[in-house]
Amino acid sequence: MKKYSAFAIAREAMRGHSGWKRAWRSPEMKKSYEVVIVGAGGHGLATAYYLAKNHGITNIAVIEKGWLGGGNTGRNTTIIRSNYLQDESAAIYEKARGLYEGLSNELNYNIMFSPRGVMMLAQTEHELRGYHRINQANAIQGVATEMLTPEQVKAKVPIMEINGPRYPVLGALWQARGGTARHDAVAWAYARAASDLGVDIIQQTEVAGITQSGGQVTGVQTTRGDVACKKLGLVVAGHSGVLAQMAGFRLPIESVSLQALVSEPIKPCIDVVVMANTVHGYLSQSDKGELVIGGGADGYNNYTQRGSFHHIEETVRALIETFPIISRLKQLRQWGGIVDMTGDRSPIIGKTPLGGCFINCGWGTGGFKSIPGSGWALAATIASGEPDALAAPFGLDRFAEGRFIDESVAAGVAH
Ligand SMILES: Cc1cc2nc3c(=O)[nH]c(=O)nc-3n(C[C@H](O)[C@H](O)[C@H](O)COP(=O)(O)OP(=O)(O)OC[C@H]3O[C@@H](n4cnc5c(N)ncnc54)[C@H](O)[C@@H]3O)c2cc1C
């Protein structure tokens, strides 16, 4: 892989940028692979990269029905944090956050990781108590968080109205090393590094069936023909139920469209991420100056990737009391992504009832932040055939055993 560097930029500037190579290869699909990953979102690409890098397995195809990063990975509001309640969650989200810190260097691609701090506002007594509890849990888990007073909140975010009539700010849970990253760049960086290690990324190819023999996966049927494989990873977020049906099992997952919007660009006015979960809205400012605003999920199951007018209205109405300045902003665009929600708001990572078939899904509204950790864990699980320590608590069997990892406070609304 040609290294991106300041020197390379200078050299290419001198020769009219004629020397850049394609970031990843577009190979013909082979007839068989050791591992096939379905879904070239962040999680699928990270899984392929860590399979190659950590476990030396390079005979891999990542098969994507659209373009890589075109699912939720390229549609989210890019919040990265690890301040969850349960120990199992803290372990995998903090692993991911830690990997994000060094990812630009490791992948030689600027993913624009910006640990600007994530603030989760408490606007009811109940919420305040909940955040105190998470803060205590985080201290024990070794995740650095702290509680802020309303005055400290105001000092960090001067544009915030903390004495709103309905929902005054009572405090906030603050993670100083949380933040954002450029979502497309995360997908592109993993794609480039994985491709360089020999992984074939096959775009515009839909998996339409899964073949099996004697309870063991044997391959996939795609819109470009059949492919044999020894191991299969299903990493398709909102389409997990569809792929599980092809493999012959059911998942405790609901698919809904989650929406977001951005405003017109304005001068820098907020340099942290703020989440206001009681009123249900959150915002940060992109490098272009747009306010990136997260909205709600549709109240019914669906597979659309569209925004809808009532969500803009609801979300902006919810945020205006706390951020009066946004009342005059024009909205630039809105969109939706199909998220995969589990009942306990925690992911599913591990084995499935079909031998050789592994799954990674259920990240719901909050799986951008976990991409490196989840890819790391699923790669280890696929390589050894058994869940690694990070993945083990998140097995599908927990739903049959009633062993839930309840993150409804830390993740139910928040991202
Ligand atoms: C509006 C919105 C805001 C969000 N905000 C945040 C946030 O701030 N922070 C956070 O951490 N998370 C956030 N999330 C959640 C996060 O985006 C997802 O959890 C994460 O991106 C999931 O990544 P993935 O790789 O699993 O899925 P995806 O990126 O959706 O990738 C799955 C891929 O599988 C492909 N696929 C599906 N079916 C098939 C098939 N049959 N054959 C081949 N390919 C197939 C799809 O085309 C897709 O590209 C948000 C999501 C949305 C929609």
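Reading the values: the criteria
Residues numbered from 1 in each chain as written. Predicted model: local features only at pLDDT ≥ 70, side-chain atom pairs only at ≥ 80, totals over all residues. Heavy atoms only, no water. Phe/Tyr/Trp six-rings, centres within 6.5 Å; stacked < 30°, edge-to-face > 60°. Buried < 20%, exposed > 50% of the residue type's maximum accessible area, 1.4 Å probe, protein only. Lys NZ or Arg CZ within 6 Å of the ring centre and 35° of its normal. Salt bridge = Lys/Arg side-chain N within 4 Å of Asp/Glu carboxyl O. Helix = DSSP H or I, 4+ residues; strand = E, 2+ residues; numbered from the N terminus. Polar contact = N/O pair within 3.5 Å; in protein donor to acceptor, adjacent residues only side chain to side chain. Contact = heavy atoms within 4.5 Å. 1 Å grid on protein atoms, 1.4 Å probe; cavity = no way out; pocket = protein on both sides within 12 Å on 5 of 7 lines; lining within 4 Å. Points joined across faces, edges and corners; volume = space filled by probe spheres on them. Nonpolar A, V, L, I, M, F, W, Y, C, P; charged D, E, K, R; others polar. Axes fitted to C-alpha atoms, helices over the stretch in contact; angles between N-to-C directions. Parallel < 35°, antiparallel > 145°, perpendicular 65-115°, else oblique.

Chemist: Would you explain the packing of aromatic side chains in this entry?
Modeler: Summed over the entire model, instances satisfying the criterion amount to eleven aromatic pairs. Each ring, one from Tyr49 and one from Tyr50, has its centre 5.0 Å from the other, and the planes form 65°; the classification is edge-to-face. We note that Tyr49, like Tyr50, is buried. Following the ring pairs from residue to residue traces out a cluster consisting of Tyr49, Tyr50, Tyr190 and Trp376. If you follow Lys95 out to its NZ or CZ, it ends over the ring of Trp376, 3.7 Å from the centre. The ring of Tyr4 carries the charged tip of Arg192 above its face, separated from the ring centre by 3.6 Å.

Chemist: Which parts of the structure should I look at to understand the pattern of salt bridges?
Modeler: Once the charged atoms of two side chains with opposite charge are near each other, the side chains can pair. Per the counting criterion, the structure on display carries 15 salt bridges. Here Glu12 makes a salt bridge to Arg11, at a shortest N to O gap of 3.5 Å. Among the salt bridges present, the one from Lys288 reaches Glu290, with a minimum N-O distance of 4.0 Å. Take Lys288: its relative accessible area is 60%, and that puts it in the exposed class. The class for Glu290 is buried, based on a relative accessible area of 6%.

Chemist: Would you mind going over the side chain of Asn76 with me for this structure?
Modeler: You can see Asn76 is positioned in the loop between β2 (60-63) and β3 (79-80). Relative accessible area serves as the criterion here: at 18%, Asn76 is assigned to the buried category. There is a polar contact of 2.9 Å between the side chain of Asn76 and the backbone oxygen of Thr73. Polar side-chain contacts of Asn76 include one of 2.6 Å to the backbone nitrogen of Thr78. When residues no more than four places from it in sequence are discounted, the contact partners of Asn76 are His183 and Phe368.

Chemist: How should empty space enclosed by the protein be read in this particular structure?
Modeler: Any empty space left between atoms is shown by rolling a water-sized probe over those atoms. Per the counting criterion, the structure on display carries one cavity of 30 Å³ or more. Looking at the largest cavity, its volume works out to about 90 Å³. Lining of the largest cavity is provided by 14 residues; of these, Arg345, Trp363, Gly364, Thr365 and Gly366 occupy positions nearest its centre. Residue composition of the lining of the largest cavity, by class: six nonpolar, six polar and two charged.

Chemist: I would appreciate a short explanation of the environment of Arg333 in the present structure.
Modeler: Residue position: Arg333 is located in strand β16 (residues 331-341). On the basis of relative accessible area, Arg333 is assigned to the partly exposed category, the value being 40%. Separated by 65 residues in the primary sequence, Arg333 and Arg398 place their C-alpha atoms 39 Å from one another. In this structure, Arg333 is in contact with Ala260, Leu261, Val262, Lys288 and Glu290, ignoring residues within four places of it in sequence.

Chemist: Is there a simple way to think about the layout of surface pockets in this case?
Modeler: Of the volumes computed, that of the second largest pocket is approximately 520 Å³. Lining the second largest pocket are 23 residues, and of these Thr78, Arg182, His183, Ser286 and Val292 lie nearest its centre. Counted by class, the lining of the second largest pocket contains five nonpolar, ten polar and eight charged residues.

Chemist: Teacher, can you tell me more about the packing of helix α2 (residues 42-55) against helix α3 (residues 87-107) here?
Modeler: Axis angle and axis distance: for two packed helices, these are the angle between their axes and the distance between the axes, and together they describe the pair. Between α2 and α3, the least distance of the axes is 15 Å, while the angle of their chain directions is 75°. As summarised for this structure, α2 and α3 are arranged roughly perpendicular, according to the angle between their axes. Contacts from Tyr49, Tyr50 and Lys53 of α2 reach α3 at Leu99, Leu103, Glu106 and Leu107. A per-class count over the contact of α2 with α3 returns five nonpolar, no polar and two charged.

Function cannot be read off these values alone, since they describe shape.
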